[in-house]
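# Observations on the three-dimensional arrangement
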Amino acid sequence: MKIIALSGALRRASTNTGLLRALRDLAPNGIEIDIVTLHGIPLFDDDLIAESGKPVVVTALAERIRAADGIIITTPEYQFSVPGVLKNATDWLSTCNKPFRWKRAGILGASEGAMAGTARAQYHLRQNLQALEAITMPRPEIMIVHNEVKFDKSGDLTDDDTR
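Our subject in this report is the structure included herewith. (Residues numbered from 1 in each chain as written. Predicted model: local features only at pLDDT ≥ 70, side-chain atom pairs only at ≥ 80, totals over all residues. Heavy atoms only, no water.)

So, about unusual backbone geometry. Of the consecutive residues Arg 139 and Pro 140, the connecting peptide bond is found in the cis state with omega at 0°. Looking at where Pro 140 falls in the secondary structure, it is placed in the loop between β5 (135–136) and β6 (142–144). Here the phi dihedral of Trp 102 falls at roughly 65°; this positive angle occurs in a residue that is not glycine. With respect to the helices and strands, Trp 102 occurs in the loop between α4 (84–93) and β4 (104–110). With a phi angle near 70°, Glu 133 is a residue other than glycine that sits in the positive phi range. (Helix = DSSP H or I, 4+ residues; strand = E, 2+ residues; numbered from the N terminus.)

Next up, the structure:
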């Protein structure tokens, strides 16, 4: 089974990207997890499409999603919602002949502190994925808090209970 794993964070030491690395390392035999970041995707602009077509980075990502058996997305929470880079990517991907259509999708995230652990961002992302026709898993809801003590400075998961 091939899973594409999208990180909604760009930071090199992102705990959300580190969470995907941990999932890849913990995956059972027969499960391949392909981690993708959203670097290089320009801001969505219909004029750009009219002038030069869809960016190759976007169409290549759409094909990787289409080829996968399922999707995992990690998202930090910015101002009670998803990061702009993640929303921007889904806006672009919505123009690529429905790569998310009927794909099973799981959402998770990690955040600092003891609050909601990216809950609000995850709920907004669920709405967005519904528009993209993904089948988003209702459970488990994985919202990791206190990432400042569960991940190291490189963004790698170090907490055994979380793992």
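Counting 26 residues, the largest nonpolar core has Ile 4, Leu 6, Leu 61, Ile 65, Phe 100 and Leu 129 as its most contacted members. If you list the elements that add at least two residues to this core, you get β1 (2–7), α3 (56–67), β3 (70–74), α4, β4 and α5 (119–131). Apart from the residues within four sequence positions on either side, Phe 100 is in contact with Leu 6, Ile 65, Ile 71, Leu 93, Leu 129, Leu 132, Glu 133 and Ala 134. Core analysis: the second largest hydrophobic core is formed by 12 residues, Ala 5, Leu 19, Leu 20 and Ile 144 among them. (Core = buried A, V, L, I, M, F, W, Y, C linked by side-chain atoms within 4.5 Å. Buried < 20%, exposed > 50% of the residue type's maximum accessible area, 1.4 Å probe, protein only. Contact = heavy atoms within 4.5 Å.)

Glancing now at the environment of Ala 119. Within the secondary structure, Ala 119 is located in helix α5. In this structure Ala 119 comes out as buried when scored by relative accessible area, which is 10%. The contact partners of Ala 119, leaving out residues within four places of it in the chain, are Glu 77 and Met 143.

On the surface, a cluster of negative charge is contributed by Asp 45, Asp 46, Asp 47 and Glu 51. Looking at the element boundaries, Asp 45 is found in the loop between β2 (32–36) and α2 (46–52). (Patch = residues over 30% accessible without salt bridge, like charges linked within 9 Å, V, L, I, M, F, W, Y side chains within 5 Å. Areas by Shrake-Rupley, 256 points an atom, 1.4 Å probe, with all protein chains shown as cover. Salt bridge = Lys/Arg side-chain N within 4 Å of Asp/Glu carboxyl O. Lys, Arg positive; Asp, Glu negative; His and termini not counted. Charge placed at Lys NZ, Arg CZ, Asp CG, Glu CD.)

Now for α4. Among the residues of α4, those classed as buried are Leu 86, Asn 88, Ala 89, Thr 90, Trp 92 and Leu 93. Against α2, α3, β3 and α5 lie the buried residues of α4.

Note on aromatic pairs: each is described by the distance of the centres and the angle between the planes. Using the criterion set out here, one finds one aromatic pair in the structure. Aromatic pair Phe 44 and Trp 92: ring centres 4.9 Å apart, planes at 70°, arrangement edge-to-face. With Phe 44 in the loop between β2 and α2 and Trp 92 in helix α4, the pair connects residues that are 48 residues apart, well separated along the chain. Judged by its relative accessible area of 31%, Phe 44 falls in the partly exposed class. Residue Trp 92 is classed as buried on the basis of its relative accessible area of 0%. When the ring centre of Phe 80 is taken as reference, the NZ or CZ atom of Arg 120 above it lies at 3.8 Å. (Phe/Tyr/Trp six-rings, centres within 6.5 Å; stacked < 30°, edge-to-face > 60°. Lys NZ or Arg CZ within 6 Å of the ring centre and 35° of its normal.)

With that settled, consider the environment of Ala 89. Along the chain, the position of Ala 89 falls in helix α4. Look at Ala 89 and you get buried, because its relative accessible area is 2%. For the pair Ala 89 and Ala 5, spaced 84 residues apart in the sequence, the C-alpha separation amounts to 14 Å. Leave out the neighbours within four places in its chain, and Ala 89 touches Leu 38 and Ile 41.

For α5, built from 13 residues, the straight-helix expectation of 18 Å at 1.5 Å per residue is met to within 8% by its first-to-last C-alpha distance of 19 Å. Listed in full, the buried residues belonging to α5 are Ala 119, Ala 121, Gln 122, Leu 125, Arg 126, Asn 128 and Leu 129. Buried residues in α5 make contact with β3, α4, β4, β5 and β6. Looking one or two residues past α5, Glu 133 carries a phi angle of roughly 70°, positive in sign. (Expected span 1.5 Å × (residues − 1).)

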